[in-house]
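Report on the structure
Chain by chain, the residues:
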Amino acid sequence: MAKLAGQLVEALDGLLGIPAPLRLQVWDGSIAGPPGAPTLVLRNRRALRRLLWQPGELGLARGYVAGDLDVAPGGDLYELLSVVGRFADLPQIRTLDLGPRGVLGAAGRRALAVALRAGAVGPEPTPPPEEVRKPRGGLHSRGRDRAAISHHYDVGNEFYGLVLGPSMVYSCAYWTPAAKSLEAAQEAKLDLVCRKLGLRPGMRLLDVGCGWGSLLLHAAEHYGVTAVGVSISTEQVALARRRIEEAGLADRVEVRLQDYREITDGPFDAVSSIGMAEHVGSEQYRVYAEGLHRLLVPGGRLLNHQIARRPDHPGEPHRPSPFIDRYVFPDGELSPVGSTVSRLEEAGFEVRDVESLREHYGLTLREWVANLEAHWTDAVRLVGRGRARVWRLYMAASALAFEQNRIGVNQILAVRATAEGPAGLPSTREEWLLRPAAGAPAAVPAATSADTDLGDRRSVR
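Summary of the structure given here. (Residues numbered from 1 in each chain as written. Predicted model: local features only at pLDDT ≥ 70, side-chain atom pairs only at ≥ 80, totals over all residues. Heavy atoms only, no water.)

**Digging into the overall build of the protein**
- A count of helical and extended segments in the protein gives 18 helices and 11 strands.
- Once the C-alpha set of the protein is aligned to its principal axes, its extents read approximately 95 × 50 × 45 Å.
- The buried share of the protein, reckoned over its 461 residues, is 50%.
- Considering only contacts in the protein between residues 6 or more positions apart, those separated by 24 or more positions represent 74%.
- Surface summary for the protein: the accessible area is close to 21900 Å², and the carbon and sulfur share equals 52%.
- Within the protein, the 54 negative side-chain charges are centred at a point lying 6 Å from the centre of the 55 positive side-chain charges. (Helix = DSSP H or I, 4+ residues; strand = E, 2+ residues; numbered from the N terminus. Buried < 20%, exposed > 50% of the residue type's maximum accessible area, 1.4 Å probe, protein only. Contact = heavy atoms within 4.5 Å. Areas by Shrake-Rupley, 256 points an atom, 1.4 Å probe, with all protein chains shown as cover. Lys, Arg positive; Asp, Glu negative; His and termini not counted. Charge placed at Lys NZ, Arg CZ, Asp CG, Glu CD.)

**Overview of the sheet that holds strand E11 (residues 407–415)**
- Overall, mixed pairing links the seven strands, which are arranged E7-E6-E5-E8-E9-E11-E10 in an open sheet. Edge positions in the sheet fall to strand E7 (253–257) and strand E10 (350–356), since each of these pairs with one other strand and no more. When strand polarity is set aside, the average angle formed by the axes of neighbouring strands in this sheet is 15°.
- Here strand E5 (residues 204–208) runs beside strand E6 (residues 226–231); their pairing, made up of five bridges, is parallel. Bridge pairing links Arg 204 to Thr 226 in E6.
- Together, E5, strand E8 (268–274) and strand E9 (296–309) form the strand contacts of helix H12 (residues 285–295), whose direction differs from that of E9 by roughly 150°. (Pairing = 2+ DSSP bridges. Axes fitted to C-alpha atoms, helices over the stretch in contact; angles between N-to-C directions.)

**Side note on a nonpolar patch on the surface**
- On the surface, Leu 52, Trp 53, Leu 112, Leu 116 and Val 121 cluster together to form a nonpolar patch covering roughly 460 Å² of accessible area.
- Among the elements of the structure, helix H2 (45–53) and helix H6 (106–117) are those that each provide at least two residues to the nonpolar patch.
- When you line up the elements, Leu 112 lands in helix H6.
- Under the relative-accessibility criterion, Leu 112 is labelled partly exposed at 44%. (Patch = residues over 30% accessible without salt bridge, like charges linked within 9 Å, V, L, I, M, F, W, Y side chains within 5 Å. Salt bridge = Lys/Arg side-chain N within 4 Å of Asp/Glu carboxyl O.)

**Topic: the packing of helix H4 (residues 77–88) against helix H17 (residues 385–403)**
- Running from N to C, H4 and H17 point in directions that differ by 60°, and their axes come no closer than 10 Å. Relative to H17, H4 is oriented oblique. For the pair H4 and H17, the sense of crossing is right-handed. Only Arg 392, Leu 393, Ala 396, Ala 397, Ala 399 and Leu 400 of H17 make contact with H4, whose side of the interface consists of Leu 77, Tyr 78, Leu 81 and Ser 82. (Parallel < 35°, antiparallel > 145°, perpendicular 65-115°, else oblique. Left-handed = near helix turned anticlockwise from the far one by under 90°.)

**Focus on helix H14 (residues 337–346)**
- Of all the positions in H14, only Thr 340, Val 341 and Leu 344 are classed as buried. Viewed along the axis of H14, the buried residues span an arc of 100°, placing them on a single side of the element.
- Among the structural elements, H12, E9, E10 and E11 are those in contact with the buried residues of H14.
- A positive backbone phi angle near 110° is found at Gly 348, which sits one or two residues after H14. (Arc of directions from axis to C-beta.)

**Notes on helix H15 (residues 358–374)**
- The end-to-end C-alpha distance of H15, which contains 17 residues, comes to 25 Å, matching closely the 24 Å that a straight helix rising 1.5 Å per residue would cover.
- All of the buried residues in H15 are Arg 358, His 360, Tyr 361, Gly 362, Thr 364, Leu 365, Trp 368, Val 369, Asn 371 and Leu 372. (Expected span 1.5 Å × (residues − 1).)

**Let's talk about the environment of Pro 35**
- With respect to the secondary-structure elements, Pro 35 resides in the loop between strand E2 (31–32) and strand E3 (39–42).
- For the pair Pro 35 and Leu 22, spaced 13 residues apart in sequence, the C-alpha separation works out to 8.8 Å.

**Let's talk about the sheet that holds E3**
- Judged by pairing direction, the sheet is mixed, and its four strands sit side by side in the order E2-E1-E3-E4 without closing on themselves. Two strands close off the open sheet at either side, each with one partner strand: E2 and strand E4 (69–71).
- Bridge count for strand E1 (residues 23–25) against E2 is two bridges, and the pairing is antiparallel. Pairing of Gln 25 across the sheet is with Ile 31, part of E2.
- Running over the sheet, helix H3 (residues 57–66) touches E3 and E4 and is turned about 80° from E4.

**Overview of the side chain of Gln 258**
- Here Gln 258 is to be found in the loop between E7 and E8.
- Judged by relative accessible area, which is 15%, Gln 258 ranks as buried.
- There is a polar contact of 3.2 Å between the side chain of Gln 258 and the side chain of Arg 256.
- In terms of polar contacts, Gln 258 uses its side chain to reach the backbone carbonyl oxygen of Glu 262, at 3.1 Å.
- Once residues within four sequence positions are removed from consideration, Gln 258 is found in contact with Val 230, Ser 231, Ile 232 and Ile 263. (Polar contact = N/O pair within 3.5 Å; in protein donor to acceptor, adjacent residues only side chain to side chain.)

**Brief notes about the pairing of E11**
- Among the nine residues in E11, nine count as buried, and that is most of the element.
- Taking every second residue as pointing to the same face, both faces of E11 are buried, with Ile 407, Val 409, Gln 411, Leu 413 and Val 415 on one and Gly 408, Asn 410, Ile 412 and Ala 414 on the other.
- As defined by bridge partners, E9 adjoins E11 across nine bridges and the pair is classed as antiparallel. Residue pairing in the sheet places His 305 in a bridge with Gln 411 of E11.
- Sheet analysis places E10 next to E11, joined by six bridges and oriented antiparallel. Each bridged residue has a counterpart across the sheet, and for Glu 355 the counterpart in E11 is Gln 411.

**Some points on unusual backbone geometry**
- Cis geometry marks the peptide bond from Gly 266 to Pro 267; its omega dihedral reads 5°.
- Located in the positive-phi region is Asn 405, a residue other than glycine, with phi close to 65°.
- The topology assignment puts Asn 405 in the loop between H17 and E11.
- Assessed through its relative accessible area of 33%, Asn 405 is described here as partly exposed.

The structure is reproduced here in structure tokens:
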């Protein structure tokens, strides 16, 4: 069947109702599609069968992870994903029914006939082994959360070192004009968090979801705090403890294998949560927010750094990414930034500042993809080809999602205000972003009363 690619393109365009912006290269050697468009390679009949059983994102992802689908030699993964993403977001494609009922019309029957002649109709292929089976336990129960976190984070610290680089920071970097490398941008982000929290020597910091301990190390070394970090990833905790020991900070920094719901030894002067709240889930977010509020001293600050999704299209239900849920972050949930602000306020926080770092995350992810590609042979040796392909696909697609404003990331600075009202923040952003002078004492909550000789009433300007 020398012209199979042409028949598939014609059948696909008929099924979609508009031309697909892709070229197809099929296992028989034929190529068809719009000239100059990125080329998707179907290496075997199983690739087509995966798409017949799961048309859309999940079928494409399964095919790519398994190696049945690929980018053409010399092609650009970012270009292919960008074209597919923009096409999928067209209103007529978003609302297209590609389920059994949706393909029973004339166009669907023609597409099925082409697949039959190609020998691609048969039982549904087994998903790649990297796909997560349905977790046990109630959604966001402690056991199920541990399993979900382990799937993503306990894949080997050496692998993460290849991707993240020496900083071992797995969240958005901060690309200041002076930051000429990923390492410099990550250090700038850690310092930005410390400055927003107003850290001073003698303060006690809690880092929820502390990863490999990079923020704890920075805060202890440069701001003189004592700190506690918690994570439910066994491999993260093991490496964080080793790094802290090697830095000679074990007397001031503690890392625990502990769920955020199990922390009882407050109060803390400041709390950071960097890239962790996406794992909490809407059902537990009130528990999360109220727990952090309770752990803070009056006047203490929370820095909540969290990925956000765009609000849904009017009249359309929210559809989480099946690829991300089954391969990357099981049970992860994204909310619009406005919903997150409301939940923090409902828990008692006063939100004082929201800063979007959306473009910064696109740059960061491209650096991680470049690191992975530069160390591809080692990555495959460490985690296998399928998981390495999962990471390349998810990070490249995520970079584009941030760049195209389909998702964002925000640092929300919130305060547990004192009962009398004062929050203890300097009056301007410029002031509270200044680095503290060397040896500056710990900040104290604003005074709640003062003796004066003005009687019972002060003048108000």
